[in-house]
Amino acid sequence: MNPSQDAMIDALLRKQFDGPALDEGFSRRVMQRLPQRRRRVAWPVWGGILVGAVACWLALLFSPAVDAGWHDCLGGHWSAPAVTLLLAMLGMAVLALAWGVAEADDC
Amino acid sequence: MVDGAAEARVDRALVARVLLSDDRAAFEQLVRRHQGMVRAQLRRLLHGDVATADDLAQETFLLAWRKLAQFRGEARFSTWLYRIAYSCFLQASRKTPLPIDRAGEGEAERLPASEEATDLQLDFERAMRRLSKAEQTVLLHCVQMELSHEEAAYVLAMPLGTVKTHATRGKAKLKTWLAAWHEAARVEEAS
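What counts as what
Residues numbered from 1 in each chain as written. Chains lettered and ligands numbered in written order. Predicted model: local features only at pLDDT ≥ 70, side-chain atom pairs only at ≥ 80, totals over all residues. Helix = DSSP H or I, 4+ residues; strand = E, 2+ residues; numbered from the N terminus. Buried ≥ 20, exposed ≤ 12 C-beta atoms within 10 Å, placed from the backbone. Contact = placed C-beta atoms within 7 Å. Domains from an automatic or database assignment. Nonpolar A, V, L, I, M, F, W, Y, C, P; charged D, E, K, R; others polar. Axes fitted to C-alpha atoms, helices over the stretch in contact; angles between N-to-C directions. Parallel < 35°, antiparallel > 145°, perpendicular 65-115°, else oblique. Left-handed = near helix turned anticlockwise from the far one by under 90°.

Trainee: Hey, could you go over the overall build of chain B for me, with residue numbers and the actual values?
Mentor: Along chain B, the regular secondary structure elements total nine helices and zero strands. When the elements of chain B are put in sequence order from the N terminus, they spell out α-α-α-α-α-α-α-α-α. Expressed as a percentage of the 191 residues in chain B, the buried residues total 35%. Across chain B, contacts joining residues at least 24 apart in sequence account for 62% of those joining residues at least 6 apart.

Trainee: Account for the domain arrangement of chain B, with residues named and values stated.
Mentor: Note on interface size: it is often stated as the accessible area lost on association of the parts. Residues and elements named next belong to chain B. According to the domain assignment, chain B contains domain 1 (4-95) and domain 2 (117-190). Between the C-alpha centres of domain 1 and domain 2 there is a distance of 25 Å. Taken together, the contact pairs nine residues of domain 1 with nine residues of domain 2. Secondary structure elements with two or more residues in the side of domain 1 that touches domain 2: α2 (24-45) and α4 (77-95).

Trainee: Tell me about the interface of chain B and chain A, and please be specific about residues and values.
Mentor: Chain B puts 35 residues into the contact, and the matching count from chain A is 25 residues. Breaking the side of chain B that touches chain A down by element, the ones donating at least two residues are α2, α3 (50-66), α4, α5 (117-130), α6 (133-144) and α8 (160-177) of chain B. Ranked by residues supplied to the side of chain B that touches chain A, first place goes to α2(B) with eleven residues. Looking at the side of chain B that touches chain A residue by residue, the class counts come to 15 nonpolar, seven polar and 13 charged.

Trainee: Outline the packing of helix α2 (residues 26-33) of chain A against α3(B), supporting the account with residue identities and numerical values.
Mentor: Two elements in contact, α2(A) and α3(B), have axes separated by 10 Å at closest approach and are oriented at 50°. Considered as vectors, α2(A) and α3(B) are oriented oblique to each other. Relative to α3(B), α2(A) is oriented so that their crossing is right-handed. Along its contact with α2(A), which presents A:F26, A:R29, A:V30 and A:R33, the element α3(B) presents B:D54, B:Q58, B:F61 and B:L62. Broken down by class, the residue content of the contact of α2(A) with α3(B) amounts to four nonpolar, one polar and three charged.

Have a look at this one:
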């Protein structure tokens, strides 16, 4: 495409665009619908994570399957408990990733 | 010409006021400064459906208010808003299929050129509608809204290379379809 044709296409595209819309009370309507800003408090999230982690640890502390899985993992044996343990860890990682992505999403 | 860097500084200052002291007046200023282009963007994406565009624009600003702390200033505030608006548009079009003008699809490769100058605009409108949705969207952001390729890639959440490809292909198609107009202009210039 030569520069003059390119410029012509650009000019036609710009001409076709109506440009910024007039306010006509739009901003006022948005401000009327604006909710009170919620102050985000961090402690419930961290508290929940801590309580969940402790509860999980206590629940699994005396489980022979976890113990066996952990030992098999360390020993490099791909037994059923070891694979289950790894799948559970993978699942939790995927959930954490999905949560992170959802939080980062704009809309 | 408006100084873009100065505008961005004003936006950042207004955002800081909102975040530090819940200053609603500062947010109102941000809405007033950017509502025109956000609504124009959505109107164009919705092929002139003003009511739906305004609903989505309102949703965009409400989301911006809620998620303002996530604005890190890496992009311009306006670009950040366009990204939210585009994301709202995508979500709305997933929920309910929005009216998309597909007139002209499957027609012959070349459009007949009209003789009157105003017809060029009509032919151009028709040619635009024949572009793929991605090409239309990229040309809207890159040419009509005058964003850089990088900014358009951020708004549309597309790789930079894809944006450049759509822009080049879109323009090349328009050029092909409007070839008769170029010819007429060249003949006019020569005579």
